[in-house]
Amino acid sequence: MDSVRSGDPDGAPVGPPDRVGYLPDRDQTLMKLVVAGPFGVGKTTLIRTLSEIATLHTEEAMTETGRPVDDLAGLPEKSTTTVAVDFGRLTLPGNVVLYMFGTPGQRRFFPLWQDIARGALGALVLADTRRLADSFEIMDMVEEQGLPYAVAVNRFPDAPDHPPEVLRAHLDLHPTTPLLLCDAREREGSLDALIALAEHVLEALPAASTASTATAASTASTATEERP
């Protein structure tokens, strides 16, 4: 690794002028967030839509052998599935950096889900109105981990359309839990959902962290107007 020397008499770092520094030029608020949800709900798509970097995906082709295990009802065009993790990054105005970790939705991957969720500050749970009940187990897992979370209903073209108050009742959400509608293929609604989660997480942080995150909360709340 190239090093940066500090031997300049004026105190300026000395190094190749065309190199990008390893350290940011100002403080950043870093947040690890989990994107969770049942099988085939759109987690990989949402991370791909939002990430400012080339995303990491661990997708494998689905086979006929797996059909009895992974129910494809309502998902006729699905041909791949995440088997480990999706990863993306998004920087909001004010240098709030969100690291998005997408998790597999099948029950057999739940131990892996717990490992990925370790150290996360919150979770965005995706839901599908064609199979809302599939989200209950995921929300239970998130709550068992003690993570604040928001719910984003991914609007598939053939999915039933319900008012937010009906969805909130069906999902039995706490009044303070954010609930949003989005299309994981479209940036605007997906960004609204992620920002709502970031705001919810910042509000839930211990009082000792309030001073260091006050600016982050302010910038996250205005990021919908200042799209990255």
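Our structure's up above, just so we're on the same page.
Presented here is a report on the structure given in the accompanying data block. (Residues numbered from 1 in each chain as written. Predicted model: local features only at pLDDT ≥ 70, side-chain atom pairs only at ≥ 80, totals over all residues. Heavy atoms only, no water.)

Re helix H3 (residues 134-144)
Part 1 of the reasoning: Buried within H3 are the following residues: Ser135, Ile138, Met139, Met141 and Val142. Here the buried residues of H3 occupy an arc of 155 degrees about the axis, which is enough to place them on one side.
Part 2 of the reasoning: Looking at the buried side of H3, the elements it contacts are strand E1 (29-36), helix H2 (110-117), strand E6 (122-127), strand E7 (149-154) and helix H4 (164-171).
Part 3 of the reasoning: The positive-phi residue at the C-terminal boundary of H3 is Gly146, with phi of around 75 degrees. (Buried < 20%, exposed > 50% of the residue type's maximum accessible area, 1.4 Å probe, protein only. Helix = DSSP H or I, 4+ residues; strand = E, 2+ residues; numbered from the N terminus. Arc of directions from axis to C-beta. Contact = heavy atoms within 4.5 Å.)

Brief notes about the pattern of salt bridges
Part 1 of the reasoning: Counted according to the given criterion, the structure contains eight salt bridges.
Part 2 of the reasoning: The salt bridge involving Arg155 is made with Asp161; its shortest N-O contact spans 3.2 Å.
Part 3 of the reasoning: Under the relative-accessibility criterion, Arg155 is labelled partly exposed at 42%.
Part 4 of the reasoning: Look at Asp161 and you get exposed, because its relative accessible area is 59%.
Part 5 of the reasoning: Of the charged contacts, one joins Asp183 and Arg185 as a salt bridge, the two residues approaching to 2.8 Å between their closest N and O atoms.
Part 6 of the reasoning: Under the relative-accessibility criterion, Arg185 is labelled exposed at 56%.
Part 7 of the reasoning: Three or more residues are tied together by salt bridges with common partners; here these are Asp128, Arg130, Arg131, Asp134 and Asp158. (Salt bridge = Lys/Arg side-chain N within 4 Å of Asp/Glu carboxyl O.)

A short note on the packing of helix H1 (residues 43-50) against helix H5 (residues 187-204)
Part 1 of the reasoning: Packing of H1 against H5 brings their axes to within 10 Å, and their N-to-C directions diverge by 100 degrees. With respect to H5, the axis of H1 lies roughly perpendicular. Contacts from Leu46, Thr49 and Leu50 of H1 reach H5 at Arg187, Ser190, Leu191 and Leu194.
Part 2 of the reasoning: Looking at the contact of H1 with H5 residue by residue, the classes come out as four nonpolar, two polar and one charged. (Axes fitted to C-alpha atoms, helices over the stretch in contact; angles between N-to-C directions. Parallel < 35°, antiparallel > 145°, perpendicular 65-115°, else oblique. Nonpolar A, V, L, I, M, F, W, Y, C, P; charged D, E, K, R; others polar.)

Considerations on the packing of aromatic side chains
Part 1 of the reasoning: The final tally for this structure, using the stated rule, is two aromatic pairs.
Part 2 of the reasoning: With a centroid separation of 6.1 Å and 15 degrees between ring planes, the pair formed by Phe87 and Tyr99 is classed as stacked. You can see Phe87 sitting in strand E4 (residues 86-92) and its partner Tyr99 sitting in strand E5 (residues 96-102), a full twelve residues away along the chain.
Part 3 of the reasoning: With a relative accessible area of 25%, Tyr99 lands in the partly exposed category.
Part 4 of the reasoning: Among the aromatic residues, ring-to-ring pairing joins Phe87, Tyr99 and Phe101 into one connected group.
Part 5 of the reasoning: Over the ring of Phe101 we find Lys32, and its NZ or CZ is 4.8 Å from the ring centre.
Part 6 of the reasoning: Just above the ring of Phe156 sits the side chain of Arg130; from NZ or CZ to the centre is 4.3 Å. (Phe/Tyr/Trp six-rings, centres within 6.5 Å; stacked < 30°, edge-to-face > 60°. Lys NZ or Arg CZ within 6 Å of the ring centre and 35° of its normal.)

Limitation: the analysis is restricted to geometry and does not speak to function.
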